[in-house]
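# Structure at a glance
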Amino acid sequence: MSRRHNEGVNESVPVARSVDHGFAKLMPDIDRARAWLLTVDGAPQSYVDLDDPTHLEFEYARRLGHALDVVAEPGAALDVLHLGGGALTLPRYVAVTRPGSRQDVVEADRGLLELVAEHLPLPEAARVELHAADAREWLESGPSDSADVVVADVFGGSRVPAHLTSVAYVRAAARVLRDGGVYLANLPDAAPFAFLRSQLATLGTVFEELVLIAEPGVLRGRRFGNAVLVAGHRPVDVATLTRFTAADAFPARVEHGAALREFIGGARAVRDEDAVPSPEPPDGAFGIG
């Protein structure tokens, strides 16, 4: 599936529709003229401001945005592969902050892609191609050395699917990255962080450089929440990343090096035969950041 639409006028009327993997709703934000919240089966998936694509409402989206800001020189065009589509929040962000970027979005739910393309169309100038496919199958069959960044934000309901958590999956993601490419992931967990630690260990079997971004309250075990992982073969600009995340309304901590190795501890990398989805979030765990 490959589709691009002219930007249209969106009426601020809620839209609800059954899609391939649930029941999706697009709800207008009464405080922002052309901003929308996407939920699937009641779980918030994306927030988009069509008039200001640089506005990232969710905390994890802002942290992914910060990571995207530091992976290359400001404004430089990138080839970006997004695993998981939602309302195309980050592809819109990259299209504005890095003009000329070529982006592919892989989303397993064709119905969701069609809903978003119809009601929240991409600008004509955005070089974004949409593909209805499974993320891992796309990685395993797609062209190698074809992306500067892979952004993984894939959820089946409120959980990351098990087949996207193993060493084989990480190797497939690394295959499509160019030399110097960066892998970014949005992962949910809570103390004692068995899932998050295992995912860091899994990424560490392929990538030499690892960075963790998370809210201090989550890292202290006070609540369930999202963490953003950055992985690559070259050092990340941790100083700039730390400055960006510290300036947010809800500041985050950036962990790397010895502190991150201590966090990972004795966690073991995940094999396909042992893979499990991310933990089920407690009621009310996710909301607008």
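Anything mentioned here points back to the structure above.
Rules behind the numbers
- Note that residues are indexed from 1 along each chain, following the sequence as it is written.
- Reporting in this predicted model follows two pLDDT cut-offs: at least 70 for local features of residues, and 80 or more for side-chain atom pairs to be given and counted; totals over whole chains, interfaces and linings ignore these cut-offs and use all residues.
- Calculated side-chain values reflect all of the structure's heavy atoms, with hydrogen atoms and water omitted.
- For Phe, Tyr and Trp, where Trp contributes only its six-membered ring, two rings pair if their centres lie within 6.5 Å, and the inter-plane angle classes them as stacked under 30 degrees, edge-to-face over 60, or tilted in between.
- Helix and strand assignments come from DSSP, with helices taken as H or I runs of at least 4 residues and strands as E runs of at least 2, each series counted from the N terminus.
- Classification of residues uses two cut-offs on accessible area relative to the type maximum, computed with a 1.4 Å probe and protein chains only: under 20% is buried, over 50% is exposed, and between them is partly exposed.
- We call a set of buried residues a nonpolar core when its members are Ala, Val, Leu, Ile, Met, Phe, Trp, Tyr or Cys and they connect through side-chain atoms within 4.5 Å of each other.
- Residues count as neighbours in contact if any of their non-hydrogen atoms are within 4.5 Å of one another.
- Under this definition, polar contacts are N or O atom pairs within 3.5 Å; protein pairs additionally need one hydrogen-donor-capable and one acceptor-capable atom, and for neighbouring residues in sequence, both atoms have to be side-chain atoms.

This part takes up the packing of aromatic side chains. By the definition in use, this model includes 4 aromatic pairs. Ring geometry for Y169 versus Y183: centroids 6.3 Å apart, planes at 75°, classification edge-to-face. Here Y169, found in helix α5 (residues 167-176), pairs with Y183, found in strand β9 (residues 177-189); they are 14 residues apart in sequence, far enough to count as distant. Take Y169 and Y183: they sit in the same class, and that class is buried.

Attention shifts here to the nonpolar core. In this structure, L83, Y183 and F207 are the most contacted members of the largest nonpolar core, which totals 39 residues. Top element by residues in this core is α5. It accounts for 6 residues. Setting aside residues up to four positions removed in sequence, F207 forms contacts with V170, A174, L177, Y183, A231, G232 and H233. By size, the runner-up hydrophobic cluster in this structure holds 30 residues, among which are Y47, A67, L184 and V228.

Looking now at the side chain of D104. One can find D104 in strand β6 (residues 102-107). Within the structure, D104 has its side chain in polar contact with the side chain of R102 (distance 2.8 Å). A polar contact of 2.7 Å, which involves the side chain of D104, links it to the side chain of H131. With residues up to four places along the chain from it excluded, the contact list for D104 reads V80, L81, H82, E129 and H131.

As far as function goes, none of this settles anything; it's purely spatial.
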